[in-house]
Amino acid sequence: MVKEMKQVAEPERTPLLLIFISLLSSGFVAHAVPYDYTASIECLETPQKAQYNGGSIVNPELNDGLAGWSTFGNAKLEHRESPNGNGFILAQSRAQPFDSVSQKVELKTNLLYTFSAWVQVSQGNPSVAAVFKTSSGYVEAGTVIAKPGCWSMLKGGLTLETSGEASLFFQTQNSTADVMVDSISLQPFTPEEWKSHQDQTMDKVRKAKVRIQVVDKLGNSLPKATVSVQQNALTFPLGCAINKNILTNAAYEKWFASRAFRVTTFEDEMKWYSTEPTRGHEDYSAADALLEFAKQHKLAVRGHNVLWDDPTYQQGWLNSLTPQQLSVAVDNRIHSVMSKYKGQVIAWDVMNENLHFSYFETKLGPNASGHAYNLASTTDGTIPLFMNEYNTIEEVTDPMSTPAKYLHKLREIQAYSGNADIKMAIGLEQASYLEEVLREGFSHPEVEGIVVWGAWNPKGCYRMCLTDNNFNNLATGDVVDRLLHEWGGSKEPLVLGETDENGFLEASLFHGDYNVTIVHPGVNSLALPQRMIVAPVTPTQAQPSVVKVTI
């Protein structure tokens, strides 16, 4: 809905105009098969139906016995039914991780595939992966931590280097566990269909249709009035990391400030090794200076990080502490940094990279992360507390940080006494696929913001720079600029068009804060800038919101 519309400037002899703004729901027309965002992290008594009715999979819900399915390796297959009549495949008498059920499918290089299945095991809590054996190697489509007695959803996807026949099978390192599979789906999309789905979702969750009517002071409609908008701020928090180099490098500051970033995080300046390099001597001056920079540029700040589980980045004095001394130091660190910046940051990465590393768990026990989040929540429970990791979604070959292991670790932390829900954070570090990742994140209904880890450093950036040392855009910087412009973050005015014979103009705009300018040839050609905030339509909003403003 349009939340407010206020005058920005009033030219001399401004005639009285009335601008009516109403918000319409952003409808969209689906092309081909719409993407199914449904996912579940719960272990259910009965699996859900196969997505896309199975897509390319034959007999996806096992209603026709073992038709279409065969053995991979040396497993023994059985078709079984649960007491409620749900059919599934059981792979038993397994001796190797890959012994399981299989189906042959035809795959193509120019398609994007989404995959899902529901799995269960007879014992333990092992990771189960869906794998496709192709002529060029093995391609993993996703993993999930399975449990006995209930069904877990495995959801992922894949692309291929070579076209041809492939064999789908399920793999787990627990070769003594029976594996049960049901509701399998493999749905192909062309790149054009995938892009169309992204655009459709953006139209639905990131945009709103506005209806503007321009009338004179007597209420008469003004046709052929030119309507332009200029966005002051994009509602979606898109930003980039910075470091202290921006405080002394005018070219860096100019490059950064000229872009419509809304959020940032500090690369090193809030980390423990930066604020307390010597035991008992805290120095927050660099972080304070960056925070002041952020305030001047109206940037929200995400705190990064309270603790880092990588042993490589610990101060030397930490390693000399006894477990009891380290526990006290950790508690002091959490209280110190979070109390100091309470009310000045929008979130905290409390424990960084605790899937790949385990410094504090090794020193303090397996509940180190759980305790850290508990104390963090007590210190500042007003903001989201994140578990930050990398390779969670962008690198399926990294076994340490699969989505399944992320969720498993998250549940461990939540199970610690007194802990509240903790939101999930993803690492973005794959430059070669930056545009794809950013588009996917922006178009996903559940993603609430994105920070690109691209802080500039004269010695080289971590994983990915957006500019060279002269602050000319690299290809990655061009991607960010192009998307900012496309998503409404351009500081250039956008001419929406002319009003119709009844003085109306309709347009679809990204949620954000805009200046609206009206020019009409019959009103001394004067431009009348106004402020307009376009916000999402609420589900209960029965009629379009209308705002009447006199200027």
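Residues numbered from 1 in each chain as written. Predicted model: local features only at pLDDT ≥ 70, side-chain atom pairs only at ≥ 80, totals over all residues. Heavy atoms only, no water.

By the naming in an unreviewed UniProt entry, the protein chain goes by GH10 domain-containing protein and is assigned to Linum tenue. Per its UniProt entry, the protein chain bears the Sequence similarities (unreviewed entry) comment "Belongs to the glycosyl hydrolase 10 (cellulase F) family." (UniProt positions renumbered as here; feature names shortened; annotations may be inferred.)

**Student:** I keep staring at the sheet that holds strand S11 (residues 179–189) and nothing clicks. Help me out?
**Tutor:** Backbone-to-backbone hydrogen bonds join strands into a sheet, with any given pair of strands oriented parallel or antiparallel. Judged by pairing direction, the sheet is antiparallel, and its five strands sit side by side in the order S3-S4-S11-S6-S9 without closing on themselves. Two strands bound the open sheet, and with one partner strand each, they are strand S3 (76–81) and strand S9 (152–158). Adjacent strand axes in the sheet meet at a mean angle of 30 degrees when their direction is disregarded. As paired strands, strand S6 (residues 112–121) and S11 are joined by nine bridges and run antiparallel to one another. Looking at the pairing, Ser116 lines up with Ser185 of S11. (Pairing = 2+ DSSP bridges. Helix = DSSP H or I, 4+ residues; strand = E, 2+ residues; numbered from the N terminus. Axes fitted to C-alpha atoms, helices over the stretch in contact; angles between N-to-C directions.)

**Student:** Even after reading the chapter, I still don't get the packing of aromatic side chains, so can you show me in this structure?
**Tutor:** Applying the stated criterion to the full structure yields 26 aromatic pairs. Relative to Trp456, the ring of Tyr252 lies with its centre 5.4 Å away and its plane at 65 degrees, an arrangement referred to as edge-to-face. Of the two residues, Tyr252 is situated in helix H2 (residues 250–257) and Trp456 in the loop between strand S19 (450–452) and helix H11 (475–486); the sequence distance between them amounts to 204 residues. Judged on exposure class, the residue Tyr252 and its partner Trp456 are both buried. Centroid distance Tyr359 to Phe360: 5.0 Å. Interplanar angle 90 degrees. Geometry classified as edge-to-face. Residue classification places Phe360 among the buried positions, given a relative accessible area of 1%. Three or more aromatic residues link up through ring pairs in this structure, and these residues are Tyr35, Tyr37, Tyr52, Phe189 and Trp194. Over the ring of Phe442 we find Arg206, and its NZ or CZ is 5.3 Å from the ring centre. Over the ring of Phe386 we find Arg302, and its NZ or CZ is 4.0 Å from the ring centre. (Phe/Tyr/Trp six-rings, centres within 6.5 Å; stacked < 30°, edge-to-face > 60°. Buried < 20%, exposed > 50% of the residue type's maximum accessible area, 1.4 Å probe, protein only. Lys NZ or Arg CZ within 6 Å of the ring centre and 35° of its normal.)

**Student:** What is the right way to read the nonpolar core from this model?
**Tutor:** Nonpolar side chains in soluble globular proteins tend to end up buried together. Core analysis: the largest hydrophobic core is formed by 85 residues, its most contacted members being Phe256, Leu307, Tyr341, Trp348, Phe360, Leu438 and Trp487. No other element matches helix H6 (residues 323–340), which puts six residues into this core. Counting residues in hydrophobic clusters, the runner-up holds 33 residues, among them Val101, Val105, Leu107 and Phe132. (Core = buried A, V, L, I, M, F, W, Y, C linked by side-chain atoms within 4.5 Å.)

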